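Tertiary structure, described
Listed below, chain by chain, are the residues.
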Amino acid sequence: MNRKLNRSQWFPLILVSLFPACLYADTIIGGLMATDTTWTASNSPYIASQSVVVQSQATLRIEPGVVVKFDPDCALVVSDGKLIASGTIQSNIVFTANAAPPDLTSNRWGYIGFGDNAIDASFNSYGEYTNGCTIQHAVIEYAGGTTMEGAIHIEKSSPFISHCIVVSNLNCGIYVQDASNIRISCNTISENTNRGLLLYRCSDACVSNNIIAQNTALGSGFSGKGGGVFVHSGAQRCTFTCNQIFANGASVGGGGVAAWNNSKNHTFTGEIVTSNSSPKGSAFYFEASSDGIILSRDSSYPTRILQNASGNTNAVYNDNAYAFSPDPTGAGNIDARNVFWGTTN
């Protein structure tokens, strides 16, 4: 028997035909990636049910607007190849936990990692990025579910990290080890525990125009130094330009910045270092042969050290066997010329 549908029954059928059930389905990812792959906004969100490892010189491209959700402890690792994660101002890429509040903090994912055979970023003569590994215009949040340091963990590699928001991660925001000529610029690195940015045995790093705020280093000894930035163990010639480093805290020394253990010849220009806190050297802390430091290279762009709170020492603390000096030519000197000391900027 034929039966006519009334109008109230048409609408659900139209919806089913126009919007099939699979349109908004999650894309499950994980395992080894040995061929060039693109993660598209139309197939987002991507759910990493296990770690993704880029190898065999493959390239993983991630389009603007893609959301990648990681199950607990899962990671995205570039072992041998290239990650090009390029969002836009209007459409960030998001790397986050596969959980909903309030479970985000208890279900943390691992990290984004770059290894020795990840392809380094390259630049043209104008300093513009041209190729190689990069993360741009992305949000990296709620990582830190493994013992690996850094929501972004970089080792013997130099990707370009720019215009990212690295926020609310455990075990450091950005960790860089044994890298040279890495560029980290125009990021917001905030509310991370175990430091915002850590440079370990790095040389000639360029850190510029970042906001590094409300990060903490709250351990004892070594782990309580450098809440905002920690540069240590043989790091050489790192350049910091026009960063805003504020409201960070450390339980031992260097609420804003700490240099330790033969970390030498670093230059700061145009920094704003304010409202950081630590028992020793709330703004800057130097220890264990960390010398050749220039706190303000250019008198036209002075480093401003403002309203930092120390328990019992000055905003700048020097624990080495030599004193501050206006002359940067002698070994072991810390050049504090051109620094603006005050309560406002």
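Quick look at the structure, then. (Residues numbered from 1 in each chain as written. Predicted model: local features only at pLDDT ≥ 70, side-chain atom pairs only at ≥ 80, totals over all residues. Heavy atoms only, no water.)

This part takes up the overall build of the protein chain. The number of helices and strands found in the protein chain is 1 helix and 38 strands. For the protein chain, the residues scored as buried account for 49% of the 345 residues in total. A fraction of 67% describes how many contacts in the protein chain between residues 6 or more apart in sequence connect residues 24 or more apart. Put simply, the protein chain shows about 15,100 Å² of open surface, and 51% of that area lies on carbon and sulfur atoms. (Helix = DSSP H or I, 4+ residues; strand = E, 2+ residues; numbered from the N terminus. Buried < 20%, exposed > 50% of the residue type's maximum accessible area, 1.4 Å probe, protein only. Contact = heavy atoms within 4.5 Å. Areas by Shrake-Rupley, 256 points an atom, 1.4 Å probe, with all protein chains shown as cover.)

Let's shift gears to the pattern of salt bridges. Evaluated as defined, the whole model comprises 3 salt bridges. Residues lysine 225 and glutamate 287 are paired through a salt bridge, measuring 2.6 Å at the closest nitrogen-oxygen approach. In this pair, lysine 225 is assigned in the loop between strand E22 (216-217) and strand E23 (229-232) and glutamate 287 in strand E31 (residues 284-287), connecting sequence segments 62 residues apart. Each member of the pair lysine 225 and glutamate 287 is classed as buried. (Salt bridge = Lys/Arg side-chain N within 4 Å of Asp/Glu carboxyl O.)

Moving on, we come to the environment of serine 300. Among the structural elements, serine 300 can be located in the loop between strand E32 (293-294) and strand E33 (304-306). Measuring from C-alpha to C-alpha, the distance between serine 300 and threonine 269 comes to 9.3 Å, with 31 residues separating the pair along the chain.

A few words now on the packing of aromatic side chains. Counting across every chain of the model gives 12 aromatic pairs. Judged by centre distance (5.2 Å) and plane angle (20 degrees), the ring pair of tryptophan 39 and tyrosine 46 falls under stacked. The exposure class of tryptophan 39 is buried, given its relative accessible area of 3%. Residue class for tyrosine 46 comes out buried when judged on its relative accessible area of 3%. Of the aromatic side chains, those joined through ring pairs into one cluster are Phe240, Phe268, Phe284 and Phe286. Sitting above the plane of the phenylalanine 123 ring, arginine 183 keeps its charged end 3.9 Å from the centroid. (Phe/Tyr/Trp six-rings, centres within 6.5 Å; stacked < 30°, edge-to-face > 60°. Lys NZ or Arg CZ within 6 Å of the ring centre and 35° of its normal.)

What follows concerns the pairing of strand E3 (residues 46-54). For a regular strand, side-chain orientation follows a simple rule: the groups alternate between the two sheet faces. As paired elements, strand E1 (residues 27-33) and E3 share 6 bridges and run parallel to each other. Across the sheet, the residue bridging to methionine 33 is valine 54, located in E3. (Pairing = 2+ DSSP bridges.)

Below, the discussion takes up the side chain of histidine 153. Note on placement: histidine 153 falls in strand E13 (residues 152-155). Those residues in contact with histidine 153 that sit more than four places away from it in its chain are Tyr111, Ile112, Gly113, Phe114, Met148 and Tyr175.

Take the nonpolar core next. Formed by 68 residues in total, the largest nonpolar core has its most connected members in Phe95, Ile135 and Ile140. Apart from residues no more than four positions distant in its own chain, isoleucine 140 is found in contact with Phe95, Trp109, Ile112, Ile135, Ala151, Ile152, Cys164, Ile165, Val166, Val167 and Asn169. In this structure, Phe230, Ala258, Tyr285 and Tyr317 belong to the second largest nonpolar core, which totals 9 residues. (Core = buried A, V, L, I, M, F, W, Y, C linked by side-chain atoms within 4.5 Å.)

On to the environment of alanine 179. Tracing the sequence through the fold places alanine 179 in the loop between strand E16 (174-177) and strand E17 (183-185). Owing to a relative accessible area of 3%, alanine 179 belongs among the buried residues under this scheme. Residues alanine 179 and serine 158, 21 residues apart in the sequence, show an inter-C-alpha distance of 6.1 Å. Ignoring any residue separated from it by four or fewer positions in sequence, one finds alanine 179 in contact with Ser157, Ser158, Arg201, Cys202 and Ser203.

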